[in-house]
Amino acid sequence: MLCQHCKKNVATYNRIDEINGERFETHLCQSCYINLFGGLNSMNAAGDIDALLFGTPSFGRKKCPVCGTSYSDYERTGLLGCASCYDVFKEELMPTVKRIHGKTQHVGKIGLNNDDHGLYRRLKSLQEQLESALRNKRFAEAGRLNKRIDEITKTLYGEGNGDD
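Cut-offs and rules
- For every chain, the first residue of the written sequence is number 1, and numbering continues from 1 along that sequence.
- Totals for whole chains, interfaces and linings use all residues, but because this is a predicted model, local features are given only for residues with pLDDT of at least 70 and pairs of side-chain atoms are given and counted only at 80 or more.
- Side-chain metrics rest on all non-hydrogen atoms present in the structure, leaving aside hydrogens and water.
- Labels follow the DSSP assignment, with helices taken as runs of H or I lasting at least four residues and strands as runs of E lasting at least two, numbered in each case from the N terminus.
- The rule is simple: take the accessible area with a 1.4 Å probe, protein chains only, and divide by the maximum for that residue type; under 20% is buried, over 50% is exposed, in between is partly exposed.
- Contact between two residues is taken to exist if any of their heavy atoms lie within 4.5 Å; hydrogens are not considered.
- The Shrake-Rupley method, run with a 1.4 Å probe sphere, supplies the accessible areas, and residue values consider only the shown protein chains as cover.
- Two strands make a pair as long as DSSP finds a minimum of two bridges between them.
- Think of a salt bridge as a Lys or Arg side-chain nitrogen and an Asp or Glu carboxyl oxygen that are within 4 Å of each other.
- Working definition: rings of Phe, Tyr and Trp (its six-membered ring) pair if their centres are within 6.5 Å, and the pair is stacked with planes under 30 degrees apart, edge-to-face with planes over 60 apart, and tilted otherwise.

Peer 1: Explain the overall build of the chain to me, please; I cannot follow it from the model alone.
Peer 2: Of the regular secondary structure elements, the chain holds seven helices and two strands. The buried share among the 164 residues of the chain stands at 26%. For the chain, the proportion of contacts with a sequence separation of at least 24, taken over those separated by at least 6, is 30%. Working note: accessible area of the chain is about 11,600 Å², and carbon and sulfur atoms make up 50% of it.

Spelled out as structure tokens, the structure:
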């Protein structure tokens, strides 16, 4: 039987509860159980399972298995305990990250190749291409590459070409 939460792994935690004459079955893999309820020694597992079944998340009781930080600790302090917390609380953190940053995918600051670091990388690449073109006697291509190298060098070092 597959885990009811992730629907990927085999359920290893199986529980049947009868509440007011209704039968509720819970089937979770070990990973989802730990992520949802903070481990096998949860003091209020029945309440957590009820919350899972009825759709009310138990974020406050969810704990990081590495450092023991709970989501309620994060809400109170605004601090996570370790790098693993980002994985454990990913579902809860993503709306906040999206609200603050506008997106949830990191794209970095470098990428337009118009800053000095990008220009240095481009210059190095063009110099390697120029050497290859000269080695293979492609002189027309070498001339075009040399002009582009001169343009970047002037941008980086000014009109003196940096040979001073």
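Now that the structure is up, let's keep going.
Peer 1: I tried to follow the pairing of strand β2 (residues 22–28) on my own but got confused; where do I start?
Peer 2: If a strand is regular, its side chains alternate between the two faces of the sheet. When strand β1 (residues 13–19) meets β2, the two strands line up antiparallel, connected through seven bridges. Counterpart to Glu-18 in the pairing with β2 is Arg-23. Hairpin geometry of β1 and β2 is characterised by an intervening segment of two residues between the two adjacent antiparallel strands and by a positive phi of about 50° at Asn-20.

Peer 1: Help me out: how do you make sense of the pattern of salt bridges in this one?
Peer 2: Any two side chains of opposite charge can pair, given that their charged atoms come close. All chains considered together, the criterion is met by four salt bridges. Of the charged contacts, one joins Lys-124 and Glu-128 as a salt bridge, the two residues approaching to 3.7 Å between their closest N and O atoms. Note that Lys-124 and Glu-128 are positioned in helix α6 (residues 116–135) at a spacing of four residues, about one turn of the helix. Using a relative accessible area of 46% as the deciding quantity, one classes Glu-128 as partly exposed. One salt bridge in this structure joins Arg-135 and Glu-131, with 3.9 Å as the shortest N-O distance.

Peer 1: Mind showing me how you'd approach the packing of aromatic side chains here?
Peer 2: One pass over the full model with this rule turns up three aromatic pairs. Seen from their ring centres, Tyr-71 and Tyr-74 are 5.6 Å apart, and the 45° between their planes marks the pair as tilted. Remark: Tyr-74 and Tyr-71 occur in helix α3 (residues 71–77); sequence separation between them is three residues, near one turn of the helix. There is no split in this pair, since Tyr-71 and Tyr-74 are both buried. Between Tyr-71 and Phe-89 the ring centres are 5.7 Å apart and the planes differ by 55°, which places this aromatic pair in the tilted class. Here Tyr-71, found in helix α3, pairs with Phe-89, found in the loop between α4 (84–88) and α5 (90–101); they are 18 residues apart in sequence, far enough to count as distant. One aromatic cluster in this structure is built from Tyr-71, Tyr-74 and Phe-89.

Peer 1: Sorry if this is basic, but what is going on with unusual backbone geometry here?
Peer 2: Residues apart from glycine generally show negative phi values, whereas peptide bonds are mostly found in trans. We note that Lys-7 has phi near 55°; this positive angle belongs to a residue other than glycine. Residue position: Lys-7 is located in the segment before β1. Accessibility expressed as a relative area gives 58% for Lys-7, which makes it exposed. Phi at Lys-137 takes a positive value of approximately 60°, unusual for a residue other than glycine. Considering the arrangement of structural elements, one finds Lys-137 in the loop between α6 and α7 (139–157). On the basis of relative accessible area, Lys-137 is assigned to the exposed category, the value being 63%.

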